[in-house]
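# Coordinate inspection notes
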Amino acid sequence: MSQYAKSAANTYELPHLEALEAESAHIFREVAATFEHPVLLFSGGKDSVVMLHLAAKAFWPAPLPFPVLHIDTGHNFDEVIAYRDETVRRLGLRLVVERVQDDIDAGRVVEQTGPRASRNRLQTTTLLRGIKEGGFDAVFGGARRDEEKARAKERVFSFRDEYGQWEPRNQRPELWNLYNGRHRPGEHIRVFPLSNWTELDIWSYIAAEDIALPPLYYAHRRPIVQRDGMLLAHTRFLQLLDGEQPYEATVRFRTVGDATCTGCVQSDAATPADVVAEVAAARITERGATRADDRISEAGMEDRKREGYF
C-alpha cells in the first residue's frame with residue numbers, strides 16, 4: 001500500500017484538517033480539469049512539500065498530471081536541494097529547473113554585490129521567463145493568507161496579466177468556492193491551494209501524515225551570525241560584515257528560501273510534535289520573524305507581487 005493510501009485512512013486529531021485537505025484536493029482537481037498546462041512550484045520548503053503531498057493524494061493512484069518547477073537562485077541550502085532531488089526520484093516527478101544564474105549571465109537581471117546582497121528578488125524575472133517558455137497557464141504556489149498582509153489579499157485563483165503582474169483590484173470574487181480561471185493567451189492564473197491553512201495547520205498536518213521534510217526544519221547545531229535582529233546561517237553564500245563573528249547554536253528554520261536572507265530561530269524542537277507546540281505559542285509569523293527580504297518596507301511584499309513575484 002502506498003504512503004498516500006495509508007495516509008488517506010488516517011484519523012486526524014484535528015478534524016478541521018480533513019476539511020482543509022478536501023478543499024485543497026478540490027482545487028487541484030478543478031485546475032487539472034480546466035487548464036491545459038498547469039505546473040506546481042516546488043522549492044523543498046515545508047509549504048511546497050505539503051502542497052505536493054496533497055496533490056499526490058488528490059490524484060492517487062494516478063501519477064501527478066503536471067510537472068513541478070523549481071526557481072533556483074543558486075544560493076540554496078544544500079539540504080534542500082538534496083531533499084528536492086530525492087523527492088523527485090522517489091515520486092517519479094517531472095522536474096523543471098529555471099536558474100537565476102542564467103538570467104544574470106544573459107544580462108536580463110543585474111546581481112547585487114556586497115555582504116547584504118541577495119538574489120531573492122531576481123527570482124521574479126526567472127519565474128516569469130519559466131512560465132512563458134513552459135507555456136504554463138496555471139501555476140500552483142504554496143502561499144498562505146496568514147503569512148503577511150499582501151498574501152492575505154490573494155484569491156485562491158489569482159489572475160496575472162500578460163506581463164505576469166498582479167493587481168489586487170482586478171481579482172475576481174470567489175463566492176461559494178466557485179473559481180473563475182478564464183484568461184486570454186499570454187495571461188495565467190496563480191493558484192494557492194493552501195490559502196486557508198495556517199502555519200499551525202501545516203505543522204499539524206505534517207505530524208498527522210508523517211511527512212518527511214529537509215532536516216533544516218528541526219533543531220540542529222550550526223554556525224550562525226546575528227544581523228539586524230535575525231540569526232542567519234553562516235554558509236558559503238553569506239559575506240560577513242565588519243565585526244560579525246559566527247558562533248554555533250542549536251537552531252531550526254521556520255521557512256526556507258535564499259540562504260542569504262532566510263533566518264533561523266533558536267529552538268530545541270526536534271520532532272513535528274515539538275514544532276506544533278512551539279508554533280502554537282508563537283506570536284510572529286514565520287516570514288515576519290525570519291525573512292530579511294520582507295523587512296524592506298511595510299508594502300515590500302505587495303510591491304514584489306505586483307511585479308510578478310509569487
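Higher on the page you've got the structure.
Because the structure is predicted, anything quoted here is derived from the model rather than measured. (Residues numbered from 1 in each chain as written. Predicted model: local features only at pLDDT ≥ 70, side-chain atom pairs only at ≥ 80, totals over all residues. Heavy atoms only, no water.)

## As for helix α4 (residues 78–91)
Spanning 14 residues, α4 covers 20 Å between terminal C-alpha atoms, matching the ideal 20 Å at 1.5 Å per step. Buried positions along α4 lie against α3 (46–59), β2 (68–72) and β3 (95–99). Just past α4, the residue G92 takes up positive phi, approximately 65°. (Helix = DSSP H or I, 4+ residues; strand = E, 2+ residues; numbered from the N terminus. Expected span 1.5 Å × (residues − 1). Contact = heavy atoms within 4.5 Å.)

## Concerning the pairing of β3
As judged from the five bridges shared by β2 and β3, these two strands associate in the parallel manner. Opposite H70, over in β3, you have V97 as the bridge partner. At this point the chain moves from β2, through α4, to the parallel β3, and the crossover so formed is right-handed. (Pairing = 2+ DSSP bridges. Right-handed = clockwise from strand over helix to strand, strands pointing away.)

## Focus on the packing of aromatic side chains
Applying the stated rule across the entire model yields ten aromatic pairs. Their ring planes at 45° and their centres at 4.7 Å tell us that F28 and F140 sit as a pair that is tilted. Taken as a pair, F28 in helix α2 (residues 16–34) and F140 in strand β4 (residues 138–140) lie far apart in primary sequence, 112 residues in all. Relative to F140, the ring of F66 lies with its centre 5.1 Å away and its plane at 40°, an arrangement referred to as tilted. Of this pair, F66 sits in the loop between α3 and β2 while F140 sits in strand β4, and the two are 74 residues apart along the sequence. For the pair F66 and F140, a shared accessibility class is recorded, and that class is buried. Members of the aromatic cluster, joined through ring pairs, are F28, F59, F66 and F140. (Phe/Tyr/Trp six-rings, centres within 6.5 Å; stacked < 30°, edge-to-face > 60°. Buried < 20%, exposed > 50% of the residue type's maximum accessible area, 1.4 Å probe, protein only.)

## With respect to the layout of surface pockets
Each pocket or cavity is described by its volume, and for the second largest pocket that value is around 350 Å³. Here the element with the most residues in the lining of the second largest pocket is helix α6 (residues 123–134); it accounts for three residues. Broken down by class, the residue content of the lining of the second largest pocket amounts to five nonpolar, six polar and seven charged. (1 Å grid on protein atoms, 1.4 Å probe; cavity = no way out; pocket = protein on both sides within 12 Å on 5 of 7 lines; lining within 4 Å. Points joined across faces, edges and corners; volume = space filled by probe spheres on them. Nonpolar A, V, L, I, M, F, W, Y, C, P; charged D, E, K, R; others polar.)

## Concerning α2
Taking 1.5 Å per residue as the helical rise, α2 with its 19 residues ought to reach 27 Å, and the 27 Å between its terminal C-alpha atoms agrees with that figure. Residues of α2 that are buried sit in contact with β1 (38–41), α3, β4, β5 (157–160), β6 (188–191) and α8 (199–209).

## Side note on the packing of α2 against α3
Contact geometry of α2 with α3 gives a least axis separation of 9 Å together with a crossing angle of 70°. Between α2 and α3, the angle is such that the two are roughly perpendicular. From α2, E21, S24, A25, F28, R29 and A32 reach across to α3, where they touch M51, L54, A55, K57, A58 and F59. In terms of residue class, the contact of α2 with α3 is made up of eight nonpolar, one polar and three charged. (Axes fitted to C-alpha atoms, helices over the stretch in contact; angles between N-to-C directions. Parallel < 35°, antiparallel > 145°, perpendicular 65-115°, else oblique.)

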